Amino acid sequence: MRRCAAVICAVLMTVSVCACGKKTETKRYKMNPTIATTTTTVPTVDYNEEPGKAPLKLTYATSFSDGVAFVRYLDEEGVEHAAAINTAGDILFAMPEEMPMDGDGYKGGIRVVGDVIYDKTGAVIASPEKSGYDSLMTGSCGGYVLAKKVEVPVSLPEQPAINAAPAATTAAVDTTGTTGVEVPVIPVIPAATLYVGVLNNKGEWLHPLSTEHPIAKAISASAQPAEAFQYVTEDVLRVYVDGTTPQQYYHFTKNTLTPEYDHYVSVGHQVEETAGVYKMAADGSKKLVVENILGDYFFSDAFIGRTVTISIEPGAEPAYGPFKLYDYKGQELMDLGAYSLGKEYAYYVADHLVLPTTDQAGARMLAVLNKEGQPAFEPLLLGMRDVCYPPDESGFVVGSYTADGAVSYRHYDYSGTVTEYSDVTSFAGFFEGLAVATLRGDSLQYYYINHRGEIVLR
């Protein structure tokens, strides 16, 4: 699934659109609040048990991550157990007592809990005792984990007794003309030694603990040491190791620390630089790939942007064209001039653009455009409290709230067919084709449903 490269959220989160100068007024789409879709009410159906496979009777369930979810279930005697399951409902392993259900799930084939790494059988494949590190610096970053070890000198220089004469002294500078006062020399305490390494998803050292690791060297040489990391994209970790220097980027497989990484950025007009979209390289250099078009929303293979024309009049503001969807060759894919872009993220999935917008009165709307740039169906009117869960290949789910707090859920596919989840009272979003839900009149049991609202696991 192709999603907005910046953030993937549980709902369409609010962010500011990149302000690249004064925007030109665009004609807004004359939206009809009536949803021109085909609605089908598909109540949750009875669970069809596989031969010899009884329901788990779930009393708690988490969303799937990397093919694994954590559940509590009742056995035939009514005793509750905690386990990890796969998307077929098979129990992978009983939850170890030290493994919590909350927090990050499996990513890249492993789960990181504190300073311990587990595989998908629940076995510990790396720990301080097993692998020799002191602590883990990151969670799973595509199956890689950053670890460190700090060695403090075993013995410190012997300190003189309080009442004993110092072994070595030095005379203080006398600025008054009186006799100088001798003060003890403070011994230099050796610094601790930092080792950094990278573990893979088998618990093996991809890069063994070393003082020569680029991050270890950067932290040791920093003026204001810091440790802040963010997994950016495949194989790339954003690194802050010095409060006085810019961020850097660590590449796990190459074991290098660079000022940048391969991605697209938007650059406005400068004296010696053309405005447009540039491809950044790891060494910090950049190459112009789309001239005189500024990008506002970047996806993996397309971006929403506007043309920019620099005025020849001194001090005059640049002129900006309407929003359009472009590929990274500068080819126009969709004309979005009829829509007002707001402060919510757009998604580009399955050749469809799911675009948050507003009507002429400022009400929240959601437009869905096909690969020809035409509305797949009439824009949806959203209430102020409504949430739209991130779309996938099948479509997306909207949760609507009434004034008294009641909620209803409905799924839209890209043809405009709506599936009402008439029995669902709580919903956690689809992950790997399944969503955790509770049903009306059955608040003590959890279910996994598919996009049609059918029970798959219970």
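All values reported here derive from a predicted model rather than from experimental measurement. (Residues numbered from 1 in each chain as written. Predicted model: local features only at pLDDT ≥ 70, side-chain atom pairs only at ≥ 80, totals over all residues. Heavy atoms only, no water.)

Let's talk about the overall build of the chain
Okay, so step 1: Per the secondary structure count, the chain includes 2 helices and 38 strands.
Okay, so step 2: In the chain, which comprises 458 residues, the proportion classed as buried is 41%.
Okay, so step 3: In the chain, 42% of the contacts between residues at least 6 apart in sequence involve partners at least 24 apart.
Okay, so step 4: Surface summary for the chain: the accessible area is close to 24000 Å², and the carbon and sulfur share equals 52%. (Helix = DSSP H or I, 4+ residues; strand = E, 2+ residues; numbered from the N terminus. Buried < 20%, exposed > 50% of the residue type's maximum accessible area, 1.4 Å probe, protein only. Contact = heavy atoms within 4.5 Å. Areas by Shrake-Rupley, 256 points an atom, 1.4 Å probe, with all protein chains shown as cover.)

Considerations on unusual backbone geometry
Glycine aside, residues mostly have negative phi, and peptide bonds are mostly found in the trans state.
Okay, so step 1: Phi angles above zero are rare outside glycine, and Asp235 is one such case at about 75°.
Okay, so step 2: Positionally, Asp235 belongs in the loop between strand S15 (225-233) and strand S16 (236-242).
Okay, so step 3: You will see that Ala350, though not glycine, has its phi angle at about 50°, which is positive.

A look at the environment of Ala123
Okay, so step 1: Note on placement: Ala123 falls in the loop between strand S7 (116-118) and strand S8 (124-126).
Okay, so step 2: Each C-alpha atom of the pair Ala123 and Pro96 lies 8.9 Å from the other, and the pair is 27 residues apart in sequence.
Okay, so step 3: Setting aside its immediate chain neighbours within four residues, Ala123 contacts Ile117 and Tyr118.

Considering the sheet that holds strand S19 (residues 263-267)
Through backbone hydrogen bonds, the strands of a sheet pair up, either in parallel or in antiparallel fashion.
Okay, so step 1: On the basis of which strands lie adjacent, the open sheet formed by 3 strands has the order S19-S20-S21 and antiparallel pairing. Of all the strands in the sheet, the pair left with one neighbour each is S19 and strand S21 (286-291). Between one strand axis and the next, the sheet turns by 35° as a mean value, whatever way the strands run.
Okay, so step 2: Summarising the sheet, strand S20 (residues 276-280) and S21 pair through 5 bridges and their orientation is antiparallel. For Val277, the partnering residue across the bridge sits in S21 and is Val290. (Pairing = 2+ DSSP bridges. Axes fitted to C-alpha atoms, helices over the stretch in contact; angles between N-to-C directions.)

Remarks on the pairing of strand S37 (residues 442-449)
Okay, so step 1: Two strands pair when backbone bridges link them, and strand S36 (residues 434-439) and S37 are joined in this way by 4 bridges, in the antiparallel orientation. The residue bridging Leu439 from the neighbouring strand is Asp442, located in S37.
Okay, so step 2: Linkage of S36 to S37, two consecutive antiparallel strands, is achieved through a turn of 2 residues, within which Gly441 is found at a positive phi near 75°.
Okay, so step 3: Summarising the sheet, S37 and strand S38 (residues 455-457) pair through 2 bridges and their orientation is antiparallel. When the bridges of S38 are listed, Ile449 appears paired with Ile455.

Quick word on the sheet that holds strand S3 (residues 69-74)
Okay, so step 1: Within the open sheet, the 4 strands sit side by side as S2-S3-S4-S5. Their pairing is antiparallel. The two strands at the open ends of the sheet, each matched to only one other strand, are strand S2 (58-61) and strand S5 (91-94). The mean angle between the axes of side-by-side strands here comes to 35°, regardless of whether they run parallel or antiparallel.
Okay, so step 2: Sheet analysis places strand S4 (residues 80-85) next to S5, joined by 3 bridges and oriented antiparallel. In the strand pairing of S5, Ala83 is matched with Ala94.

Quick notes on the side chain of Arg364
Okay, so step 1: Here Arg364 is to be found in strand S29 (residues 364-369).
Okay, so step 2: Each residue touching Arg364, except ones within four places of it in the same chain, is listed here: Glu344, Thr357, Leu380, Leu381, Leu382, Gly383, Met384, Arg385 and Asp386.

Here we look at the pattern of salt bridges
Pairing between side chains becomes possible if they bear opposite charge and their charged atoms approach one another.
Okay, so step 1: Per the stated rule, a full pass over the model turns up 11 salt bridges.
Okay, so step 2: In this structure, Asp423 engages Arg440 in a salt bridge whose closest nitrogen and oxygen atoms are separated by 3.9 Å. Linking Asp423 in the loop between strand S34 (417-421) and strand S35 (424-431) with Arg440 in the loop between S36 and S37, this pair joins segments that are 17 residues apart in sequence.
Okay, so step 3: For Asp423, a relative accessible area of 24% corresponds to the partly exposed category.
Okay, so step 4: As a salt-bridge pair, Glu454 and Arg452 come within 3.5 Å of each other at their nearest N and O atoms.
Okay, so step 5: Under the relative-accessibility criterion, Arg452 is labelled partly exposed at 45%. (Salt bridge = Lys/Arg side-chain N within 4 Å of Asp/Glu carboxyl O.)

Side note on the confidence of the model for the chain
Okay, so step 1: For the chain, per-residue confidence averages 85 on the pLDDT scale, and 81% of positions sit at 70 or higher.
Okay, so step 2: Between residues 164-179, whose pLDDT stays under 50, and residues either more than four places distant or in other chains, the model counts 15 contacts. (pLDDT = per-residue confidence, 0-100.)

A closer look at the packing of aromatic side chains
Okay, so step 1: The tally for this structure, following the rule as stated, stands at 19 aromatic pairs.
Okay, so step 2: Geometrically, the ring pair formed by Tyr133 and Trp205 is edge-to-face, given 6.3 Å between the ring centres and 85° between the ring planes. Pair noted here: Tyr133 is in the loop between helix H1 (128-131) and strand S9 (135-136) and Trp205 is in strand S14 (residues 205-210), with a separation of 72 residues, a long-range link.
Okay, so step 3: Note on Tyr133: relative accessible area 1%, which makes it buried.
Okay, so step 4: Consider the rings of Phe298 and Phe303, whose centres lie 5.8 Å apart with planes at 25°: the pair is stacked. Each member of the pair, Phe298 as well as Phe303, is classed as buried.
Okay, so step 5: By way of ring pairs, the aromatic residues Tyr264, Phe298, Phe303, Tyr326 and Tyr328 are connected into one cluster. (Phe/Tyr/Trp six-rings, centres within 6.5 Å; stacked < 30°, edge-to-face > 60°.)

Comments concerning the environment of Val290
Okay, so step 1: Tracing the chain through its elements places Val290 in strand S21.
Okay, so step 2: Contact partners of Val290, with chain neighbours within four places excluded, come to Ala275, Gly276, Val277, Phe303, Asp327, Tyr328, Lys329 and Gly330.

Some points on the nonpolar core
Okay, so step 1: In this structure, Phe299, Ile304, Leu336, Leu353, Leu355 and Phe396 are the most contacted members of the largest nonpolar core, which totals 31 residues.
Okay, so step 2: Going through the elements one at a time, strand S27 (347-349), strand S28 (352-358), S29, strand S30 (375-381) and strand S32 (396-401) are the ones with two or more residues in this core.
Okay, so step 3: No other element matches S29, which puts 4 residues into this core.
Okay, so step 4: When neighbours within four sequence positions are excluded, Phe396 is seen to be in contact with Val354, Leu366, Val368, Phe377, Leu380, Cys388, Tyr389, Pro391, Arg410, His411 and Tyr412.
Okay, so step 5: If you look at the next biggest cluster of nonpolar residues, it comprises 15 residues, including Ile215, Leu237, Val239 and Val241. (Core = buried A, V, L, I, M, F, W, Y, C linked by side-chain atoms within 4.5 Å.)

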